[in-house]
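The chain contents come next:
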Amino acid sequence: MLLRSLTVIFFSCLLGVFSWVLTAPAIALTQIRLFDITYKDCPAEIGKGAVTSGNTMTANCFLVTGKAENSTYKTVYDADIFGRIYDANNDPVMQNRTRLGSIPEVPPGISDFELRISVAANQPTPLKLKQFKAAGFGTQVRK
């Protein structure tokens, strides 16, 4: 009886150790700091014929640029960019939308990023770029 109890305890402990060792790593979001955020007009070949979604209203094309800081030692993939953009009258440029785009890969350290946005032509500039951040994954999620 004692031998049977010790055998059960031994295999239970062994199973517990294997579950710690062989567990797949969790895919968690890695936060990316975005800074030095600015914007400029799109070059003519990129912004020609831009329209806003849902209608044929003309739009202005802008390239939002900045720096992304990945403080981990691994490349971050599919980092979604979040932020708020306001026009000169403090009206939101993208109503009810904070996800603005993504960065396919962010290597460790500081790197540059670029994001194309379309803004309705009737919204006055200069634009105000606020609360920009990004979050991505340690492995590729989308293929």
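Residues numbered from 1 in each chain as written. Predicted model: local features only at pLDDT ≥ 70, side-chain atom pairs only at ≥ 80, totals over all residues. Heavy atoms only, no water.

Draft legend 1. How the structure looks around the pattern of salt bridges. The final tally for this structure, using the stated rule, is 3 salt bridges. One salt bridge connects Arg33 with Glu69, and the closest N-O pair in it is separated by 2.7 Å. Taken together, the residues Arg33 in strand S1 (residues 29-41) and Glu69 in strand S2 (residues 59-70) connect sequence positions 36 residues apart. For Arg33, a relative accessible area of 47% gives the class partly exposed. A salt bridge links Arg99 to Asp80, with the nearest nitrogen and oxygen atoms 3.0 Å apart. Here Arg99, found in strand S4 (residues 99-106), pairs with Asp80, found in strand S3 (residues 76-86); they are 19 residues apart in sequence, far enough to count as distant. Residue classification places Arg99 among the partly exposed residues on the basis of a relative accessible area of 35%. (Salt bridge = Lys/Arg side-chain N within 4 Å of Asp/Glu carboxyl O. Helix = DSSP H or I, 4+ residues; strand = E, 2+ residues; numbered from the N terminus. Buried < 20%, exposed > 50% of the residue type's maximum accessible area, 1.4 Å probe, protein only.)

Draft legend 2. View of the side chain of Thr30. Its place among the elements puts Thr30 in strand S1. Setting aside anything within four residues of it in sequence, one finds Thr30 in contact with Thr72, Val76, Ala134, Ala135 and Gly136. (Contact = heavy atoms within 4.5 Å.)

Draft legend 3. Inspection of the sheet that holds strand S5 (residues 109-120) at higher detail. In spatial order, the strands read S4-S3-S6-S1-S2-S5; together these 6 strands make up an open sheet with antiparallel pairing. Either end of the sheet is taken by a strand with one partner, and the two such strands are S4 and S5. On average, each strand axis in the sheet is tilted by 30° relative to the strand beside it, whichever way the strands run. Alignment of S1 against strand S6 (residues 128-137), held across 5 bridges, turns out to be antiparallel. Within S6, the residue paired with Ile32 across the bridge is Ala134. (Pairing = 2+ DSSP bridges. Axes fitted to C-alpha atoms, helices over the stretch in contact; angles between N-to-C directions.)

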